[in-house]
Structure formats: structure tokens, C-alpha cells
Amino acid sequence: MDNTSLDKYKWAILIVATITQACACFFVQGLGAIAPILQEDLNLSSLQIGLLVSSAQLAPLAGLLIAGELLDRYNERYVVSIGVFLVGFTLLLTTFFNSYFSLLILLFLLGFGYSSAQPGGAKAVSTWFPKNQLGLAMGIRQAGLPLGGALASLTLPFFAIRYGWHGAFIFAGCVTIFGAALFFFFYKEKTERKIVKKEINLLSTIKSRLVMFKEPWMFNIMLSGAFLTSVQYSIVVYMISHFYMDMKFTTEFSSLLLFICLTFGVVGRIVLASWSDRSKTNRYIQVLCCIGFSVLGLLVFLIFNFENKYILMALVAWLGFFAVGWYGPWVSYIADTAPKDKLGFALGLAMTANQLAVVLVVPLIGFSKDIFGGYIISWGILIAVGILTFLNTLR
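Residues numbered from 1 in each chain as written. Predicted model: local features only at pLDDT ≥ 70, side-chain atom pairs only at ≥ 80, totals over all residues. Heavy atoms only, no water.

Attention shifts here to the overall build of the protein chain. The helix and strand tally for the protein chain stands at 18 helices and zero strands. Overall size of the protein chain, expressed as C-alpha extent along the three principal axes, is 60 × 50 × 45 Å. Evaluated residue by residue, the protein chain yields a buried proportion of 58% over its 395 residues. A separation of at least 24 residues holds for 84% of the contacts in the protein chain among residues at least 6 apart in sequence. If you sum the accessible surface of the protein chain, you get close to 16600 Å²; carbon and sulfur atoms cover 70% of it. (Helix = DSSP H or I, 4+ residues; strand = E, 2+ residues; numbered from the N terminus. Buried < 20%, exposed > 50% of the residue type's maximum accessible area, 1.4 Å probe, protein only. Contact = heavy atoms within 4.5 Å. Areas by Shrake-Rupley, 256 points an atom, 1.4 Å probe, with all protein chains shown as cover.)

A few words now on the packing of aromatic side chains. Following the criterion strictly, the structure yields 27 aromatic pairs and no others. Relative to F171, the ring of F159 lies with its centre 4.2 Å away and its plane at 15°, an arrangement referred to as stacked. With 5.3 Å between their ring centres and 85° between their planes, F184 and F185 make a pair best called edge-to-face. Note that R77 overlies the ring of F184, its terminal NZ or CZ placed 4.3 Å from the centroid. (Phe/Tyr/Trp six-rings, centres within 6.5 Å; stacked < 30°, edge-to-face > 60°. Lys NZ or Arg CZ within 6 Å of the ring centre and 35° of its normal.)

Moving on: the side chain of S274. Tracing the chain through its elements places S274 in helix α13 (residues 251-278). In this structure S274 comes out as buried when scored by relative accessible area, which is 16%. When neighbours within four sequence positions are excluded, S274 is seen to be in contact with G135 and L136.

This part covers the nonpolar core. Formed by 120 residues in total, the largest nonpolar core has its most connected members in F27, L38, L52, L110, F243 and W330. Among the elements that make up this core, the one with the highest residue count is helix α12 (residues 216-246) (15 residues). What L110 contacts, discounting residues up to four positions off in sequence, is F27, V28, A56, V87, T90 and L91. (Core = buried A, V, L, I, M, F, W, Y, C linked by side-chain atoms within 4.5 Å.)

Computed from the structure, the second largest pocket encloses a volume of approximately 290 Å³. Lining the second largest pocket are 17 residues, with V361, S378, I381, L382 and V385 positioned closest to its centre. Of all the elements, helix α18 (residues 376-393) adds the most residues to the lining of the second largest pocket, at eight residues. Here the lining of the second largest pocket is built from residues that sort into 12 nonpolar, five polar and no charged. (1 Å grid on protein atoms, 1.4 Å probe; cavity = no way out; pocket = protein on both sides within 12 Å on 5 of 7 lines; lining within 4 Å. Points joined across faces, edges and corners; volume = space filled by probe spheres on them. Nonpolar A, V, L, I, M, F, W, Y, C, P; charged D, E, K, R; others polar.)

To locate leftover empty space, one rolls a probe as large as a water molecule over the atoms. Summed over the entire model, instances satisfying the criterion amount to four cavities of 30 Å³ or more. If you add up the space inside the largest cavity, you get close to 140 Å³. Along the walls of the largest cavity sit 16 residues, with Q118, Y233, Y327, N354 and Q355 positioned nearest its centre. Of all the secondary-structure elements, those providing two or more residues to the lining of the largest cavity are α12 and α17 (343-372). In terms of residue count, the dominant contributor to the lining of the largest cavity is α17 (four residues). Classifying every residue of the lining of the largest cavity by side-chain character gives eight nonpolar, seven polar and one charged.

Take the packing of α12 against helix α15 (residues 309-324) next. Angle between the axes and distance between the axes: these two values describe a pair of packed helices. Between α12 and α15, whose axes approach to 10 Å, the crossing angle comes to 150°. When the axis of α12 is compared with that of α15, the two are roughly antiparallel. The element α12 and its partner α15 pack so that their crossing is left-handed. Along the contact surface, α12 presents L228, V231, Q232, I235, M239 and F243, while α15 presents L312, V316, L319, A323 and V324. Residue composition of the contact of α12 with α15, grouped by class: 10 nonpolar, one polar and no charged. (Axes fitted to C-alpha atoms, helices over the stretch in contact; angles between N-to-C directions. Parallel < 35°, antiparallel > 145°, perpendicular 65-115°, else oblique. Left-handed = near helix turned anticlockwise from the far one by under 90°.)

Here the focus is helix α3 (residues 35-42). For an α-helix, the turn length of 3.6 residues means that residues three or four places apart are oriented alike. Burial analysis of α3 places six of its eight residues in the buried class, the great majority of the element. By the burial criterion, the buried members of α3 are A35, P36, I37, L38, Q39 and L42. Among the structural elements, α4 (46-58), α7 (100-114), α10 (144-186) and α12 are those in contact with the buried residues of α3. Once α3 ends, the next one or two residues include N43, with phi positive near 55°.

For the rest of this paragraph, the subject is a nonpolar patch on the surface. On the surface, F85, L86, F89, F101, I105, L109 and F112 cluster together into a nonpolar patch covering about 670 Å² of accessible area. Looking at which element gives the most residues to the nonpolar patch, the answer is α7, with four residues. The residue I105 is located in helix α7 in this model. (Patch = residues over 30% accessible without salt bridge, like charges linked within 9 Å, V, L, I, M, F, W, Y side chains within 5 Å. Salt bridge = Lys/Arg side-chain N within 4 Å of Asp/Glu carboxyl O.)

Turning our attention to helix α16 (residues 327-337). Taken across its 11 residues, α16 has nine buried, putting it largely inside the fold. Those residues of α16 that fall on the buried side of the exposure criterion are Y327, G328, P329, W330, V331, S332, Y333, I334 and A335.

To continue, consider the environment of Y284. Tracing the chain through its elements places Y284 in helix α14 (residues 284-304). You can call Y284 buried: its relative accessible area is 4%. Distance from Y284 to I334, taken between C-alpha atoms, is 9.5 Å for residues 50 residues apart in sequence. Sequence-distant contacts of Y284, defined by excluding residues within four places in its chain, comprise N220, S224, I291, Y333 and T393.

In this fold, N354 is placed in helix α17. Judged by its relative accessible area of 3%, N354 falls in the buried class. The residues contacting N354, other than those within four sequence positions of it, are G225, A226, T229, W326, Y327 and W330.

Here it is in C-alpha cells:
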């Protein structure tokens, strides 16, 4: 391709990567929308719902590092599309199973495929866009995650109510496979990669990669990402259950609140990332803003416990914008800062910290709900952790 064609095709790449991201996370981000139905049909506690989410996020603890290394060596087209296809195929397999234990195993397997979607799409976009457009491009691409969750919050309850939770899982599987096919057929590398065959010393490769742990920018990224991921998943997984079971709103209105939250998350990811492109400071300033305003939103929600529907809509929009919209400048900061030959691994390492937060925090929030009958304790702890994170990474 000539330069003009490349400039035009990068926007096609961005659209494909965004749709693929939305499809890949459609089920994982939309699970909270059918959590009340799963709880009733399978007689599950809040802890067990949290463990379903953790099961899907457990494999990426190792899978993200492996995916990151593969992305530094092979074409993103194959790494991403194969991984996303595995997610869809696993969801279709749930047709043959009915027990909670079998769901835990299948969602664990799903996590291996899901590992490639986040770092793969981020690396694909970062190779196609110049630095002055990178924040906006990353923001649009990362908006695929809340976009997928928003669409899932509207559609999955319909399929679950009409066809049972199996129907919702099958529909999500079909959506995911569509995303895998789209990326496989339309993604192209900007420049053809030269394949150099060389022996890989696994031990020395791991040592050279893990040196990044000592970098101050990686500390900031991992700590902030772990906190903001915890807030995001506490909202996505438990919000509908809280509004439906505790505040006695209808399923439809509870789903609408989650849809509003995730829709503003889409807006936040684009606006905040675009702001980071135009900011004269480094992109971490926008991440700090997201931490501070997420803490403020949780604090207001915890103290006042509004029952007015319009105030609640405004509050969940605020939380969506900052507590879901944070990802654009966060991942752009990694792309700016990491060595280019280790970008895939850096993305995988940072996202592994996020996965660890999901695996540990989400079930603990559910357990706290089962023990104390509400979310006051767990959300109060999240607020305290957020304040500490803000102060520690401000330096």
C-alpha cells in the first residue's frame, strides 16, 4: 500500500479492532446483566456469581504474559482471532452442561482465549497510528469493551428470560465467533514482519522481561490498573443485583442503569484518551483523574444511597465515564512508555495485574455481600484503597 492508502486503511483497522473487542468481551462484561437469573435458576449466592467471573479471569493471569510474548513474535491476526474464536466456541459448549461446577471449568477455559483479545488489539492499533493520534485511537478501540457490555446488558436478559440462561450463552458465543472471523479476514499488518528463526532461552527471556517490574512507570500502571479494574468489575458484576435485589427496582430499570453506566464508559474512553493526546503532560494525569473521580463517585453513592431514579442515572453515568472510561489513557500510557520490542509483553504484564485484581476482589465483594447483607463494607474498602493508590502514584 502507498502512504495514502495506509492512512485510510488504519481507520478500517481501528473499526475492525473495536468491533472484535466488543465481541470478545460481550459475555464477560455482560455476565452481570444475567446474574439475577443465574442466581435464581442455579440457586447461587453472590460469592458464587463472583467466582464465575473470577474463573473466566483466572487463566489470563498466565495467558496474558504468554499472549504478550506471542504478539512480539507473530502476526496479531492469528493470535487474536484464534483466541477470540476459542471464547465463542467455549460459550457454545455450555449447551451440553447444566451444573455450576461445569460452568466454572468452561469459563476457566474461556479465559485462555480471552487473554489474546486485550493486548492483541492494543498492539494492533499502536502499530498503525502515530503518537499524536494514539490516545484517540486507543480510546476508540478500548471503547469496544464497555460497548460490548452495554449491548450485552440490553440483549442477554432478553435471551435469558425467553430461552433460559443457555440461550443467552449461545447467543453470546455466536457474537464472539463473528468478532473472531471479522478480525481474521480484515486485519493486516502495516509492514510485513520478517520471520527470524532463533533459539529461545526461556529463562533469560523471562528475566529480561521481568526487569520491567522495577520501572516506576510500570508500578504506577499496575497499581492504578488493579484499583480501577476492581471498581469497574464491582459495578459491572454486582450493580444490577444491587438495584434489583436490594433497592427493589425492576430488572428492566436495573439493566437500563447498567446500560447507561457502560454507555458513558464508551464516551469516557474516547474523550479521556483524546484529551491525553492534546495534553502537554504525560498521559498518567488522566489516569489520576479517573482514580480521584471514581473514588468520589463511590463515596457519594455509599453515603447518600439515592432512590431517586434520575439522580441515580446521573451518578451511574459519572461512574461509567471515569470508572469504566479510564482504560484509554491507561493503555496509551503503556504504548508510549514501553520499549517497542517488548510492547506486547508490557501490555500483558500490566493487564495481568488487572486480572489478579478481578480474580481476588470480585469474589470477596460477593462474599462480603453474603456475610454482611450489603456492599457498604466492600465498597468502603475500595474507596480507602483508591485514596492510597492516588497518593502513592501521584509522586
